[in-house]
Amino acid sequence: MNLQGKRVLVTRAAHQAGPLCDLLRERGALPLQYPCLAVEPAPDRYALDAVLYAAMARRFDWLLLTSSNSVAALAERLRNPDISLPRSKLALMGAAIEAAAELLPDLRPRAEAPAGDRAGLLSAMGVKAGTRVLLLQSDVAPPDTADALRAAGARVTSVAAWRNVPGEGGVDLPALLRAGEVDGLLFTSASILRNALTRLHDEGGELALFQRLPLACLGRPTADAAQQAGFRAVELAEDHSMASLLDALARHWHTDP
């Protein structure tokens, strides 16, 4: 489906927004970048390094990464010559798969699953009672993945590898909202949505104007967060791909292919 002429807010982190903006242009839309996520070092680097040393000592059966930002955070810590994980069993989900191929070439994954496919991930990892899993994620990551692992009997150690904070720069969203120059919104996580609300408030934007816009999101948790925040037209992507996200937004206007 195309989005001809639609002005669409892209809220992904600045370093991750490029491919999504390209897809929007291919469908005839005008991307409006408004970064609502920035990545900072782990809030407790000592805790992160401690679990990595434990992984070196084989105290975990699996090292699990579920985002490209977690991959980047691990790659940064592996610059420390005292930390090396060549024998660790690496499991990857979603965007972490492509990122690891680029940033962690010395760590070959033993298990992979598409974004959101937790059942497939558990199967690929062969999780059973007592399986020891080190999960590296953001400081505000939802507990869904860890909960699924624990429900299958795994012993999960979850540590913040990076900190999620509201972004900065991009378009003047409050002014665009007042002028009626935004047609739709895209959100890829509940945390980015919450950051957007925080940023808009801090910049003096009108929440009511924001809530009236159609919104497409990845994942049920993001959709639930949008509805709880008062958005009136929430479309849920059928899967976790960027193409599906744009299809969801286009459905709001019943756009023909």
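In this numbering scheme, every chain counts its residues from 1 along its sequence in written order. Restriction of local features to residues with pLDDT of at least 70 applies here, the model being predicted, together with a cutoff of 80 or more for giving and counting side-chain atom pairs; totals for whole chains, interfaces and linings are based on all residues. To get the side-chain values, all heavy atoms of the structure are used, and hydrogens and water are removed first.

Draft legend 1. Highlighting the sheet that holds strand S11 (residues 233–236). Any two strands are treated as partners once DSSP identifies two or more bridges connecting them. A run of H or I in DSSP becomes a helix once it reaches four residues, and a run of E becomes a strand once it reaches two; helices and strands are each numbered from the N terminus. Strand order in this open sheet of five strands is S2-S1-S9-S10-S11, and the pairing throughout is parallel. Strands at the two margins of the open sheet, each flanked by one partner only, are strand S2 (30–33) and S11. For this sheet, the mean inter-axis angle between neighbouring strands, taken without regard to orientation, is 25°. Direction of pairing for strand S10 (residues 214–217) relative to S11: parallel, over a ladder of four bridges. Opposite alanine 216, over in S11, you have glutamate 235 as the bridge partner. Set on the sheet, helix H10 (residues 220–228) makes contact with strand S9 (184–187), S10 and S11; between it and S11 the angle comes to about 175°. Note on method: axes are straight lines fitted to C-alpha atoms, helices fitted across the in-contact stretch only, with angles between N-to-C directions ranging 0 to 180 degrees. In what follows, a contact means two residues having at least one pair of non-hydrogen atoms within 4.5 Å.

Draft legend 2. Expanded view of the sheet that holds strand S3 (residues 38–41). Spatial strand order, S3-S8-S7-S4-S5-S6: six strands in an open sheet with mixed pairing. Edge positions in the sheet fall to S3 and strand S6 (109–113), since each has one partner strand and no second. The average undirected angle you get between the axes of adjacent strands in this sheet is 30°. Sheet topology places strand S4 (residues 62–65) next to strand S7 (residues 132–138); four bridges connect them, and they run parallel. Directly across from leucine 65, in S7, lies its bridge partner leucine 136.

Any link to function would need more than the numbers given here.
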